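# Survey of secondary and tertiary structure
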Amino acid sequence: MVENLKGRDLLSLKDLSQNEVLGLLDLAEKLRVNNQKLLAEKILGMIFAKSSTRTRISFEVAMLHLGGQAIFLSQRDIQLGRGETIKDTARVLSRYLDGIMIRTFLQSEVEELAKFADIPVINGLTDSDHPCQALADLLTIKDNFQSFNGKLAYIGDGNNMATALIWAAARTGMEIAIASPKGYKPDEEVVQAALKEGAKVTVTDDPKEAVKGAFAVYTDVWASMGQEDQQAERKKAFQGYQVDRKLMAFADKNAIFLHCLPAHRGEEVTDEVIEGPKSRVFDEAENRLHVQKAVLAALI
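Residues numbered from 1 in each chain as written. Predicted model: local features only at pLDDT ≥ 70, side-chain atom pairs only at ≥ 80, totals over all residues. Heavy atoms only, no water.

### Describing the packing of aromatic side chains
Summed over the entire model, instances satisfying the criterion amount to six aromatic pairs. Measuring from ring centre to ring centre gives 4.7 Å for F145 and F215, while their planes differ by 25°; the resulting arrangement is stacked. Residue F145 is found in helix α5 (residues 131–145), and its partner F215 is found in the loop between α8 (207–211) and β8 (216–219); the two are separated by 70 residues along the sequence. Using a relative accessible area of 7% as the deciding quantity, one classes F215 as buried. Following the ring pairs from residue to residue traces out a cluster consisting of Y184, W222, F238 and Y241. Here the guanidinium or amino end of R56 rests over the ring plane of F72, the centre of that ring lying 3.9 Å away. (Phe/Tyr/Trp six-rings, centres within 6.5 Å; stacked < 30°, edge-to-face > 60°. Helix = DSSP H or I, 4+ residues; strand = E, 2+ residues; numbered from the N terminus. Buried < 20%, exposed > 50% of the residue type's maximum accessible area, 1.4 Å probe, protein only. Lys NZ or Arg CZ within 6 Å of the ring centre and 35° of its normal.)

### Considering the pattern of salt bridges
Applying the stated criterion to the full structure yields 12 salt bridges. Between K50 and D127 there is a salt bridge, and its shortest N-O distance comes to 2.5 Å. You can see K50 sitting in the loop between β1 (43–48) and α2 (54–65) and its partner D127 sitting in the loop between β4 (121–125) and α5, a full 77 residues away along the chain. Residue classification places D127 among the partly exposed residues on the basis of a relative accessible area of 39%. The shortest N-O distance in the salt bridge between R245 and E272 comes to 3.5 Å. (Salt bridge = Lys/Arg side-chain N within 4 Å of Asp/Glu carboxyl O.)

### Looking at the sheet that holds β8
Within the open sheet, the five strands sit side by side as β7-β6-β5-β8-β9. Their pairing is parallel. Strands at the two margins of the open sheet, each flanked by one partner only, are β7 (201–204) and β9 (256–259). Shown here is a sheet whose adjacent strand axes are inclined to one another by a mean of 20°, direction ignored. Its contacts with the sheet place α5 against β8 and β9, and it is angled at close to 165° to β9. Along the sheet face, helix α12 (residues 281–299) touches β8 and β9 and points at about 50° away from the line of β9. (Pairing = 2+ DSSP bridges. Axes fitted to C-alpha atoms, helices over the stretch in contact; angles between N-to-C directions. Contact = heavy atoms within 4.5 Å.)

### Some details on α12
With 19 residues, α12 extends 27 Å between its outermost C-alpha atoms, agreeing within 8% with the 27 Å of an ideal straight helix rising 1.5 Å per residue. Counting buried positions along α12 yields 14 of 19 residues, so the element is predominantly enclosed. (Expected span 1.5 Å × (residues − 1).)

### Regarding the pairing of strand β3 (residues 99–103)
Counting buried residues in β3 gives five out of five residues, a clear majority hidden from the surface. On β3, burial covers both faces: G99, M101 and R103 on one face and I100 and I102 on the other are all buried. For β1 and β3, the ladder comprises five bridges, and the chain directions are parallel. Bridging from a neighbouring strand, I47 pairs with I102 of β3. Two strands pair when backbone bridges link them, and β3 and β4 are joined in this way by four bridges, in the parallel orientation. Looking across to β4, one finds that I100 is bridged to V121. Once you follow β3 into helix α4 (residues 107–116) and on to β4, the crossover reads as right-handed. (Right-handed = clockwise from strand over helix to strand, strands pointing away.)

Treat this as a map of the structure, not an account of what it does.
Okay, structure coming up:
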């Protein structure tokens, strides 16, 4: 399954087949218990236009566990920050590195980098998609239920996480129900594209309807990085979309709670839920490391 990924990019889970996604999860499980030095003397360049805790540390530690090394590159540290083109940067870095992970704003920047690079490019996050986080979410669901036969409820902003989870569901056969207020729903083109592929996607403005019977309930911050000036407006728009004990009661009795972190406790989720017995957010954060190892090993 993952043999087909060698030398390829990971820009979105929509670009992978079901077997490739499941293969990455299987490899992550193996590398979680046995750190093989599969990337000895390999170097990963990590470009950051957005700050990070989990993405930076998980990729850096993953390379070390696999016997390789990672180099942190903020846009202030390289000539991208002074106007060098993405295509020139891609071609130069391809002469030095074995892979590039980039965390930035525009999906088009990641796509251009991949177009001109001769080495694998990994999307560490954009405003449009977050495939590595979605893989960690899938691994967490698999850890808890051993399958994807159920409904994932996503409550909140139809942002990059909503997109990533739609494709995660599409690639595993899992049902996904998204509850967002008007003006903040997931990208309609993404929803329609997934539906055309046979995905089970529903979009509603009723959180209770979305959560009903779900085996996993997911949320994210109401204002993502770069949207801080919209904080007050969004807080008003998302009233009624907080994941609290009452909303969790509509889910399956064995349901788990997920969040990509960082969390704004008291806004999109109550402290009672994120600290409660159903919460798996820190297992989920740890799984970023294991899926990162799988992605790196498979692509590089």
